[in-house]
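Results of the structural survey
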Amino acid sequence: MSPEPVMGSCPCGSVTFEVRPPLSGFRYCHCTRCRKASGGAHAANIFVPQGQFAWSAGEALINRFDLPGAKRFSVWFCTRCGSRVPHKVRERDDYLVPAGLLDNDPVMRPENSIFWGSRAGWYVEPQEMPKFTEYP
Ligand SMILES: [Zn+2]
Ligand SMILES: [Zn+2]
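Now for a look at the structure at hand. Source: prediction; values computed, not measured.

For the rest of this paragraph, the subject is the coordination of the zinc ion (ligand 2). The protein atoms that coordinate the zinc ion (ligand 2) are Cys29 (SG), Cys31 (SG) and Cys34 (SG), at distances of 2.1 to 2.3 Å. Read N to C, the donor residues that coordinate the zinc ion (ligand 2) are spaced as C-x1-C-x2-C. On the accessibility criterion, cysteine 34 (7% relative accessible area) is buried.

Here you go:
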């Protein structure tokens, strides 16, 4: 029996896709590019072989930005809501899927944090902070 596909979508719901496990990688990337492109402390990047990725809807709404001078760094985004969406990694047979877009549990868990030395100076690890289920 093949594993259940994992569905994903952008915040406005126009762009949807599905990923078929097994995933080939899952990691947090603290590099400057990922921090800027995500707006967060780090990206949560899932990698999946091209043949296990399929767009379900909204592909025509996607625009792309290939960072000049970068070998692989790209941002594909929904032109309706501005959110990042998955992209085919240049020169590789993989799609990069921002994990926050997933609507189901991908089962796999992040394996490591990369570009740790590039992490934001203000970054505090979650286990060092109090947690609230809603706004405190
Ligand atoms: Zn959207
Ligand atoms: Zn990165």
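Still to come is the rest of the account.
Right, let's get into the coordination of the zinc ion (ligand 1). Those donors, Cys10 (SG), Cys12 (SG), Cys78 (SG) and Cys81 (SG), are the protein atoms that reach the zinc ion (ligand 1), and they lie 2.3 to 2.4 Å from it. The coordination sphere of the zinc ion (ligand 1) comprises 4 donor atoms, whose angles at the metal cover 106 to 113°; the geometry is tetrahedral. Read in sequence order, the donor residues for the zinc ion (ligand 1) give the motif C-x1-C-x65-C-x2-C. Remark: cysteine 81 occurs in the loop between strand E7 (74-78) and strand E8 (84-85) and cysteine 12 occurs in the loop between strand E1 (6-9) and strand E2 (16-19); sequence separation between them is 69 residues. Owing to a relative accessible area of 36%, cysteine 12 belongs among the partly exposed residues under this scheme. Judged by its relative accessible area of 32%, cysteine 81 falls in the partly exposed class.

What follows covers the environment of tyrosine 123. Summarising the element assignment, tyrosine 123 is placed in the segment after strand E11 (112-114). C-alpha of tyrosine 123 to C-alpha of histidine 30: the two residues are 93 residues apart in sequence and 9.9 Å apart in space. Among all residues touching tyrosine 123, those that are not within four sequence positions of it are His30, Ala41, His42 and Trp116.

Summed over all chains, the structure comprises 6 aromatic pairs. Each ring, one from tryptophan 116 and one from tyrosine 123, has its centre 6.0 Å from the other, and the planes form 90°; the classification is edge-to-face. By relative accessible area, tryptophan 116 is classed as partly exposed at 33%. An aromatic cluster is defined as three or more aromatic residues linked by ring pairs; in this entry it consists of Phe17, Phe53, Trp55 and Tyr95.

Another point: unusual backbone geometry. Residue proline 21 is joined to proline 22 through a cis peptide bond whose omega torsion reads 5°. By the element assignment, proline 22 lies in the loop between E2 and strand E3 (25-29). Of note in the backbone geometry, glutamate 91 takes a positive phi value of approximately 65° without being a glycine. With respect to the helices and strands, the residue glutamate 91 is situated in the loop between strand E9 (87-88) and strand E10 (94-98). Here glutamate 91 falls in the exposed class, since its relative accessible area comes to 62%. If you check the backbone angles, phenylalanine 115 has positive phi at about 55° while not being a glycine. Structurally, phenylalanine 115 can be placed in the segment after E11.

Reading the values: rules and limits
Residues numbered from 1 in each chain as written. Chains lettered and ligands numbered in written order. Predicted model: local features only at pLDDT ≥ 70, side-chain atom pairs only at ≥ 80, totals over all residues. Heavy atoms only, no water. Donors = N, O, S within 2.8 Å, 3.2 Å for Na, K, Ca; no water. Buried < 20%, exposed > 50% of the residue type's maximum accessible area, 1.4 Å probe, protein only. Tetrahedral: all angles 85-135°; square planar, octahedral: opposite > 155°, others 65-115°. Helix = DSSP H or I, 4+ residues; strand = E, 2+ residues; numbered from the N terminus. Contact = heavy atoms within 4.5 Å. Phe/Tyr/Trp six-rings, centres within 6.5 Å; stacked < 30°, edge-to-face > 60°.

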